[in-house]
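Structural overview for review
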Amino acid sequence: MAELRALVAVKRVIDFAVKIRVKSDGTGVVTDGVKHSMNPFCEIAVEEAVRLKEKKLVKEVIAVSCGPTQCQETIRTALAMGADRGIHVEVPAAEVDRLGPLQVARVLAKLAEKEKVDLVLLGKQAIDDDCNQTGQMTAGFLDWPQGTFASQVALEGDKVKVEREVDGGLETLRLKLPAVVTADLRLNEPRYATLPNIMPKWRVRCVISTDRGRSVCHSIQQGGFIESSQPVESQEEEDRSDQGWGPGRGPDLQALRD
């Protein structure tokens, strides 16, 4: 069995079938009471990672989401699709609007190093902001090769073969692992995550939030919710400050933005 590990980023967005309403002051769209779901391109990325695991080419699939508490629902959907673990990078709801592709890319790069993954999979873009930047920035921070707009992915030993769509047709890349790949629409058709699969497979870990110098790790496992607190080592706290973690309130988004 392969020893490769895959990290998949999943984003919580307004459901694609919802009719968007603009706020009366014109500052954004109405999100309260609106159905949210996993970004469709992220679903494709999760499906591809799970298929690689089913072929015994990948040992473990880790789903990651950045945002408020509600993002755990998105991670649970990824777990129901076949992911093995989930990591929730908690960001206060009041600061979510300041969380852009640059900040997410820095978080993903840090987690990719921490988890020692060989492949980072993302959707090519999110349907709410259509930025199409996070995957490319993540590859830049990690200094890893990247294959964007992938319509076919195949692992070949220590390389990943990516077939991508370009204006003139198809382009084939062979990237040396570790690498970053972003999924296009025609890569696959995601499986349906049923409710019975969503409910029991809860293994979500919140690793970023801090409170008065203590790291608060939230683990959701089958059968219930477990919360534990562990002291933060001085070196770990120093590493977090380098990445923009603010003391007592999780990520410092302004520092990440800079």
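Residues numbered from 1 in each chain as written. Predicted model: local features only at pLDDT ≥ 70, side-chain atom pairs only at ≥ 80, totals over all residues. Heavy atoms only, no water.

1. Comments concerning the pairing of strand β1 (residues 5–9)
Selection criterion: Each residue is placed in one exposure class: buried if its accessible area under a 1.4 Å probe, protein chains only, is under 20% of its type's maximum, exposed if it is over 50%, and partly exposed if it falls in between. Runs of H or I in DSSP of at least four residues are treated as helices and runs of E of at least two as strands, each being numbered from the N terminus. Only strands that DSSP links by at least two bridges are regarded as paired with each other.
Counting buried residues along β1, 5 of its 5 residues qualify, which places the element largely inside the surrounding structure. Burial along β1 is two-sided: R5, L7 and A9 facing one way and A6 and V8 facing the other are all buried. Note that β1 and strand β4 (residues 60–67) share 5 bridges and pair parallel. Residue pairing across strands places V8 opposite A63, the latter belonging to β4. Sheet topology note: the β1/strand β6 (residues 119–123) ladder contains 3 bridges and is parallel. Considered in β6, the bridge of L7 is made with V120.

2. Details of the state of the cysteines
Counted only if it meets this: Count a disulfide wherever a pair of cysteine sulfur atoms falls within 2.5 Å.
In the structure shown here, the tally under the stated rule is 0 disulfides. Here C66 stays free of any disulfide, with the sulfur of C71 as its closest cysteine sulfur at 7.9 Å.

3. Quick look at the pairing of β4
As a reminder of what qualifies: Every crossover in which the path from the first strand over the helix to the second runs clockwise, viewed with the strands pointing away from the viewer, is termed right-handed.
Burial within β4 is extensive, with 8 of its 8 residues counted as buried. In this sheet, strand β5 (residues 85–90) lies alongside β4 in parallel orientation, the contact comprising 6 bridges. Each residue of the ladder has a partner; that of S65, found in β5, is H88. In the classification by handedness, the crossover that spans β4, the intervening helix α2 (residues 71–81) and the parallel β5 is right-handed.

4. Comments concerning the environment of Q72
Residue position: Q72 is located in helix α2. Overall, Q72 belongs to the buried group, its relative accessible area being 10%. The spatial distance from the C-alpha of Q72 to the C-alpha of V89 is 9.6 Å, given a sequence separation of 17 residues.

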